[in-house]
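Summary of structural features
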Amino acid sequence: MPTYTAPARDTRFIVNEVLDLASYGNLPGFESATSDIIDTVIGEGGKFCAEVLAPLNRSGDEEGCTRHADSSVTTPKGFKEAYKAFCEAGWGTISQPAEFGGQGMPHVLGFALEEFISSANQAFGMYPGLTNGAVSALLAKGSDEQKAKYLPKMISGEWSGTMNLTEPQCGTDLGLIRTKAEPQADGSYSITGTKIFISAGEHDLTDNIIHLVLAKLPGAPDSSKGISLFVVPKFLVNEDGSIGDRNGVACGSIEEKMGIHGNATCLLNYDGAKGWLVGEENKGLAAMFIMMNAARLGVGVQGLSQAEVAYQNAVAYALDRRQGRALTGPADTDAKADPIIVHPDVRRMLMDAKAFTEGMRALALWGALLVDLSHSAQSEEERKEADQMIGLLTPVIKGYGTDKGYAIATDMQQVFGGHGYIREWGMEQFVRDARIAQIYEGTNGVQAMDLCGRKLAQAGGAAVQAFFKLVGEECAAVKGDEGLGPIAEKLEKALGEQQAATMWFMQHAMKNPNDLGAGAHHYMHIMGIVTLGLMWLRMAKVAQAKLADDAEGKAFYETKLTTARYYAERYLPDAGALRRKLEAGSESMMALDQAAFATAA
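This report concerns the structure included in the present document. (Residues numbered from 1 in each chain as written. Predicted model: local features only at pLDDT ≥ 70, side-chain atom pairs only at ≥ 80, totals over all residues. Heavy atoms only, no water.)

Details of the pattern of salt bridges
Counted by the stated rule, this structure contains 30 salt bridges. A salt bridge links Arg423 to Asp61; the shortest N-O distance between them is 3.4 Å. Separated by 362 residues along the polypeptide, Arg423 in the loop between α9 (380–415) and α10 (427–435) and Asp61 in helix α3 (residues 57–63) bring together distant segments of the chain. In this structure Arg423 comes out as partly exposed when scored by relative accessible area, which is 45%. Connected via shared salt-bridge partners are Asp10, Glu115, Glu308, Lys354, Glu358, Arg361 and Lys560. (Salt bridge = Lys/Arg side-chain N within 4 Å of Asp/Glu carboxyl O. Helix = DSSP H or I, 4+ residues; strand = E, 2+ residues; numbered from the N terminus. Buried < 20%, exposed > 50% of the residue type's maximum accessible area, 1.4 Å probe, protein only.)

Here we look at the packing of helix α1 (residues 8–18) against helix α14 (residues 513–548)
At a minimum axis distance of 11 Å, the contact between α1 and α14 shows a crossing angle of 80°. Relative to α14, α1 is oriented roughly perpendicular. Taking contact as the criterion, the partners of Phe13, Ile14, Glu17 and Val18 in α1 are, on α14, Arg538, Met539, Val542 and Lys546. Across the contact of α1 with α14, the residue classes tally to 5 nonpolar, no polar and 3 charged. (Axes fitted to C-alpha atoms, helices over the stretch in contact; angles between N-to-C directions. Parallel < 35°, antiparallel > 145°, perpendicular 65-115°, else oblique. Contact = heavy atoms within 4.5 Å. Nonpolar A, V, L, I, M, F, W, Y, C, P; charged D, E, K, R; others polar.)

Looking at the packing of helix α8 (residues 344–376) against helix α15 (residues 554–570)
Closest axis-to-axis distance for the α8/α15 pair is 10 Å, and the angle between their directions is 105°. By the angle between their directions, the pair α8 and α15 is classed as roughly perpendicular. When α8 is examined against α15, the residues Arg348, Met351, Asp352, Lys354, Ala355 and Glu358 are found in contact with a partner set consisting of Thr559, Lys560, Thr563, Tyr566 and Tyr567. The residue inventory of the contact of α8 with α15, partitioned by class, reads 4 nonpolar, 2 polar and 5 charged.

Digging into the state of the cysteines
Tallied over the entire structure, the rule returns 0 disulfides. The thiol of Cys251 is unpaired, and the distance to the nearest cysteine sulfur, on Cys266, comes to 3.7 Å. (Disulfide = S-S within 2.5 Å.)

Let's talk about the environment of Glu167
Among the secondary structure elements, Glu167 is positioned in the loop between β3 (159–164) and β4 (180–183). Here Glu167 falls in the buried class, since its relative accessible area comes to 3%. Sequence separation of Glu167 and Val478 is 311 residues, and the distance between their C-alpha atoms is 52 Å. Apart from the residues lying within four places of it in its own chain, the contact partners of Glu167 are Ile177, Arg178, Thr179, Thr194, Lys195 and Ile196. Engagement of the side chain of Glu167 in a polar contact is seen with the side chain of Gln169, the distance being 2.8 Å. (Polar contact = N/O pair within 3.5 Å; in protein donor to acceptor, adjacent residues only side chain to side chain.)

Examining the packing of aromatic side chains
Tallying each qualifying case throughout the model produces 19 aromatic pairs. Taking the centre distance of 5.6 Å and the plane angle of 40° together, the rings of Phe505 and Tyr523 count as tilted. A residue pair is termed long-range when its members are at least 10 positions apart, and Phe505 in helix α13 (residues 485–508) and Tyr523 in helix α14 qualify at 18 residues. In this pair, the class of Phe505 matches that of Tyr523, namely buried. The structure contains a cluster of three or more aromatic residues connected by ring pairs, namely Phe48, Phe79, Tyr83, Phe86, Trp91 and Phe124. Its end group placed over the ring of Phe235, Arg246 keeps NZ or CZ at 5.5 Å from the ring centre. In this arrangement the basic side chain of Arg538 is found over the ring face of Trp366, its NZ or CZ atom lying 4.6 Å from the centre. (Phe/Tyr/Trp six-rings, centres within 6.5 Å; stacked < 30°, edge-to-face > 60°. Lys NZ or Arg CZ within 6 Å of the ring centre and 35° of its normal.)

Here we look at the nonpolar core
Core analysis: the biggest nonpolar cluster contains 154 residues, and Leu393, Met412 and Tyr523 have the highest contact counts within it. In contact with Leu393, not counting residues within four places along its chain, are Leu363, Trp366, Leu370, Phe467, Met527 and Thr531. With 36 residues, the next largest nonpolar core counts Met126, Ala137, Leu174 and Met288 among its residues. (Core = buried A, V, L, I, M, F, W, Y, C linked by side-chain atoms within 4.5 Å.)

Take a look at the structure:
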């Protein structure tokens, strides 16, 4: 049976020592994030996930969700009780605004907990995760009446939320949606249409489900500029806040999926359901992207989380499983074989995983801090800079984080050899669950195009230039340092590859847009490699300073420095190969006639 332990020590290291969260105590929301509170959230939150959620992961996967004749859906055994305990402990309220019943603490702590939840039980974590996204959209675009009606119970966990975008004929191209919204005399709208792939679309965990639905008004432009956003509750809400009649939305089926079986991914039929406009008419896509961007960061964390739990189990197996002898001679002469962790190829996979998970954790938490600073930094300029930086990093966190998260989960399955292919060890579930993260909330190809086609050029390239400056300055600051200098040197070289790739796009993309499309995936990975390199430089700098001060935890900090060197040696050189792929352009990629892809009889 697979096991999970929340990486509390590493998370505290990033939050307290690398990000130095205490230094932001003068900003709104940070004042309550004292060291005691941080340790409690990380420690007790991790314990809850390991003891309550993780034991339900495999059974939830095997049982799945059940749709009944009345269109209701029940979640796997134990989910309802676990969700009740989750809400009673207040874990879903950590980063939500105090005005509506949240604890008002920084997103950094919410992200840390989100990783633990997803590692322990990704399917379970999607229920409160979707609610958080819906809350974000309503906070930004909802009316005061809508906020007062829905947010307190959504934040408490009594009600949940969803996002309804996809339809059978459209996914990424939302201009093709057919769901209609007909204005009614009472100011509401009658919503009719079908939505598919709706995570947490119907279930038995909460008393109500608040759907956020994209639809088109009569006469709206027949494109993405004609989309409006509506709030459509499963049960109508009375004036006094109590639950009223059932609305005209029902689960038509549960999707049969590769993984995340414990989450009810539904086809929802809207048959004259009563809804209310959120924000302005025909501006629904912008409103929904507030939710989408929050969800994309969360999905990036899912890539990390599945890599982490797979890594933990692979390490345990590699320490226990004995096969063959070390290449340098028997490591354990008292046994007939050595543990497989002595073999360099197994070490390669484990070190790749360790370097990615710890680097990605630092990136995710830095990203969360940028979200906080985009709202709470002291000056407008600082808020704008933080907003631009997290906007640039969001497709990287989602795209690179989930591409590598899936690859790491697969490598950790490989550590088990044949046992990794057998269900009882649990590794194949981690691989199946990790796979969805590359697809939903915008496929990773879409993330790459968002990064290269939109984010690089926004505000005249201000965000990417700020990123280049940041990485360059942090490399320059430690160049002469005996321990950090070699890491910085390799990071600076990788940064140069990214800068050269950026320049190549500038020279070629306007002439041939296919050149940008052909290289976007490679560019996203180059930036992911560089960004994690920056995280490792920062972590190595802190670790070296701690060792110089003879701080407690010598082994922990020495391990950080070794892993930072490994990342610099084994990950950063890949940036050059990816740049050369990018600069190959699109000619051979696009040269074949479409018919040439078909297999001849």
